[in-house]
Amino acid sequence: MNQRVVIDPITRIEGHLRIEVEVDEQNVIQKAWASSTLWRGIEVILKGRTPMDVGLLVQRICGVCTFSHYRCGTEAVENALGLEIPVNAKYLRSLMMSALHYHDHLVHFYHLHALDWVDVVSALSADPAKAAQIATRYTAEPIAAGEGDLRAVQKRVQGFVDKGRLGPFANAYWGNKTYRFTPEQNLIALSHYMKGLEIQRVAAEMMAIFGGKQPHPQSVVVGGMTSIRDLLSPARLQEWKTKHDVVRDFIKRAYHADILMAAEAFGDEASVLGGVNVHNFICTNEFYGADGKHLYHQGVIHDGDLSKVEDVNPDLVAEDVTHSWYRADKPQHPYEGTTIPQYTDYVERDTVYGKLPTLDNEGKYSWVKSPRYNGKPMEVGPLACLLVNYARGNEKVVDAIDSFLKETGLPLEALYTTLGRTAARMIETEILADECDKIFDALVTNLGSDDTLYVKPNIDPNKEYIGHSFIEAPRGMLSHWVRIKNGVVENYQAVVPTTWNAGPKDANGNIGPYEASLLGLKLEDPKKPLEVLRIIHSFDPCMACSVHMMDYKGQSLGEFRVGPSAA
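Residues numbered from 1 in each chain as written. Predicted model: local features only at pLDDT ≥ 70, side-chain atom pairs only at ≥ 80, totals over all residues. Heavy atoms only, no water.

- The name an unreviewed UniProt entry gives the chain is Uptake hydrogenase large subunit, with Shewanella avicenniae as the organism.
- Among the UniProt annotations of the chain, the heading Cofactor (unreviewed entry) holds the following wording: "Ni(2+)".
- In its Subunit (unreviewed entry) section, UniProt records this for the chain: "Heterodimer of a large and a small subunit." (UniProt positions renumbered as here; feature names shortened; annotations may be inferred.)

So this is what it looks like as structure tokens:
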């Protein structure tokens, strides 16, 4: 008899994601459902607002990748108004986007995903001297992995354990048999977890230099940027460059090395050798480069066929809400998209933990819509970006992937796995780190003859405008769509990366990447489903983030209701 397993929340920080799976008598997953349990509705709040404020408002969609929405919303309005921003603004937005990618990918791997691979308890029994020697197998110059560094980390974490204050290391599935690192490898990764906390702060400071603050920077405006005084300050430019060097050093000497270590240790672990069951991939152009071209190019791959890449056609994007808590008669193109809530309740049934409210898998069960491209589900994210660019023959991507496969001894097919998805995020980051110096130098050179950073926009209240923008956010392809009438926003839709990956099944029964990735997965212990966490976290799920507080005694701290008009 099949059993229902409920994991809620499965996200460690960002938003509220619930996963439910049904396992057979051999603990193999037969069915899976992904549900976001939080409605944001920010598109509704935008109606009637001035288009000039769109960027500032939509960056509140997220608490982490705020710049992605800020920039994408602003560029959707610029597209509607037909604005061409100065080249300095393009360079600067690329540099700020790179800071966001560094911050997001490092936080994801070390602080949101690594504990799916690293057994912290095991690290406490490691020999620091032996671990220091092992670290040199993956890089000639390990960072934060000398014997003294590792002994100090071990002592620090042991102190947490002795005091019963594990903090982020509490309530995990330590000891699960699918952990594959040795105690010494666990200690190396744990040391990088600690060091990563320092480095992500440096990446956030990079954003703040040109953005004013982080999160929620303030310098992007319709028509360009406002941070000209920072650009004309040699001290500010040098500060950004110095911090970039610190982050790039960590990417090279820790992030890259840790992925090599994971590829070696988990190369025969079944739970990371699957997890890519939707073989359609889509990405868009990103990072305006020193040569006036993009570092990554847009494209669509169907059925995993790398011999054919189609150009992205915005007309083929539509969102289905058949199993989402919204009301619509048919899939809607974002220009015509609506956000009308239609909530239905949970269904009580038996689970491995006893009777619980569970998702109504035959009805509506998620606040996430289901984007489709020409009617098909698509995976977005770093893996999609690299596969599309590998297929297009992008020289930088081909070289990086071939080099990684040679280092690990893995075949190209290994990219179509959870391990491959995790490695792709690192490879994408490393390529960017190498390219960013060129973009920075191009900006400095151009400033010598041209310091233009802004063109004044003009909105005719008697005209109607439509516009959209596609960017490659850290979690994948993001698009914003705006209709402007009478000088204000008439309609707005954001199709975000996690909706592409986490959306529920559509009217035709097609399931999305999250749900598909879990089918056929065997669980070691259904009550400790670490394997599910490892796969879902590899997508870097980012549900609509909420401002929330927690009382460890379980007491309610307050309740707030915001109407559709933000009143």
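1. Things to note about the pairing of strand β13 (residues 370-373)
Then step 1. Every second residue of β13 is oriented toward a common face, with S370 and R372 on one face and P371 and Y373 on the other, all of them buried.
Then step 2. Sheet analysis places strand β10 (residues 317-320) next to β13, joined by four bridges and oriented antiparallel. The residue bridging A318 from the neighbouring strand is R372, located in β13. (Buried < 20%, exposed > 50% of the residue type's maximum accessible area, 1.4 Å probe, protein only. Helix = DSSP H or I, 4+ residues; strand = E, 2+ residues; numbered from the N terminus. Pairing = 2+ DSSP bridges.)

2. Some words on the sheet that holds strand β2 (residues 17-23)
Then step 1. Sheet architecture is open: three strands sit in the order β1-β2-β3, paired in antiparallel fashion. A strand with exactly one partner marks an edge of an open sheet, and here the two such strands are β1 (3-7) and β3 (29-36). Taking the axes of each pair of neighbouring strands and ignoring which way they run, one obtains an average angle of 15 degrees across the sheet.
Then step 2. Two strands pair when backbone bridges link them, and β2 and β3 are joined in this way by seven bridges, in the antiparallel orientation. Bridge pairing links R18 to S35 in β3.
Then step 3. Along the sheet, helix α16 (residues 530-538) contacts β1, β2 and β3; its crossing angle with β2, the most-contacted strand, is approximately 130 degrees. (Axes fitted to C-alpha atoms, helices over the stretch in contact; angles between N-to-C directions. Contact = heavy atoms within 4.5 Å.)

3. Some details on the environment of F160
Then step 1. Considering the arrangement of structural elements, one finds F160 in helix α7 (residues 147-162).
Then step 2. Here the alpha-carbon distance between F160 and S36, two residues 124 residues apart in the chain, equals 33 Å.
Then step 3. In contact with F160, other than residues within four places in its own chain, are R165, L166 and M194.

4. Describing helix α8 (residues 183-211)
Then step 1. Its 29 residues place the ends of α8 42 Å apart at the C-alpha level, agreeing with the 42 Å of an ideal helix rising 1.5 Å per residue.
Then step 2. Approximately 30 degrees is the largest bend angle found in α8, and it occurs at G196.
Then step 3. Burial within α8 is extensive, with 21 of its 29 residues counted as buried.
Then step 4. After α8 finishes, the residue G212 shows a positive phi value of roughly 90 degrees. (Expected span 1.5 Å × (residues − 1). Bend = angle between axes of the 7 residues up to and from the residue.)

5. Here's the deal with the sheet that holds strand β16 (residues 488-495)
Then step 1. Pairing is antiparallel in the open sheet, where three strands are placed in the order β14-β15-β16. Of all the strands in the sheet, the pair left with one neighbour each is β14 (465-473) and β16. The mean inter-strand angle of the sheet, taken between neighbouring strand axes irrespective of direction, is 15 degrees.
Then step 2. Where strand β15 (residues 476-485) lies against β16, seven bridges are found, and the strand directions are antiparallel. When the bridges of β16 are listed, V482 appears paired with Y492.

6. Observations concerning the nonpolar core
Then step 1. Core analysis: the largest hydrophobic core is formed by 130 residues, its most contacted members being Y102, F210 and V247.
Then step 2. Excluding its chain neighbours within four sequence positions, the residues that come into contact with Y102 are A203, M206, H244, V247, I251, T429, L432, A433 and C436.
Then step 3. Ranked by size, the runner-up nonpolar core spans 21 residues in total, among them I10, V23, I29 and I535. (Core = buried A, V, L, I, M, F, W, Y, C linked by side-chain atoms within 4.5 Å.)

7. Notes on the packing of helix α12 (residues 395-408) against helix α13 (residues 418-447)
Then step 1. Running from N to C, α12 and α13 point in directions that differ by 130 degrees, and their axes come no closer than 10 Å. Here α12 lies oblique to α13, going by the angle between them. In terms of crossing hand, the pair formed by α12 and α13 is right-handed. For the pair α12 and α13, the contacting residues are K396, V397, A400 and F404 in the first and A423, M426, I427, I431, E435 and K438 in the second.
Then step 2. For the contact of α12 with α13, the class distribution of residues is seven nonpolar, no polar and three charged. (Parallel < 35°, antiparallel > 145°, perpendicular 65-115°, else oblique. Left-handed = near helix turned anticlockwise from the far one by under 90°. Nonpolar A, V, L, I, M, F, W, Y, C, P; charged D, E, K, R; others polar.)

8. Observations concerning α7
Then step 1. Between its first and last C-alpha, α7 extends 22 Å over 16 residues, near the 22 Å set by a 1.5 Å rise per residue.
Then step 2. With its phi angle positive at about 70 degrees, G164 sits one or two positions after the end of α7.

9. Examining the pattern of salt bridges
Then step 1. For the coordinates displayed, the defined rule picks out 36 salt bridges.
Then step 2. R71 is the salt-bridge partner of E75, the closest N and O atoms lying 2.9 Å from each other. A residue pair is termed a helical-turn pair when its members lie 3 or 4 positions apart in one helix, as E75 and R71 do in helix α3 (residues 66-81) at four residues. Exposure class is identical for E75 and R71. Each is buried.
Then step 3. The partner of K252 in a salt bridge is E430, and the shortest N-O contact between them spans 3.4 Å. (Salt bridge = Lys/Arg side-chain N within 4 Å of Asp/Glu carboxyl O.)

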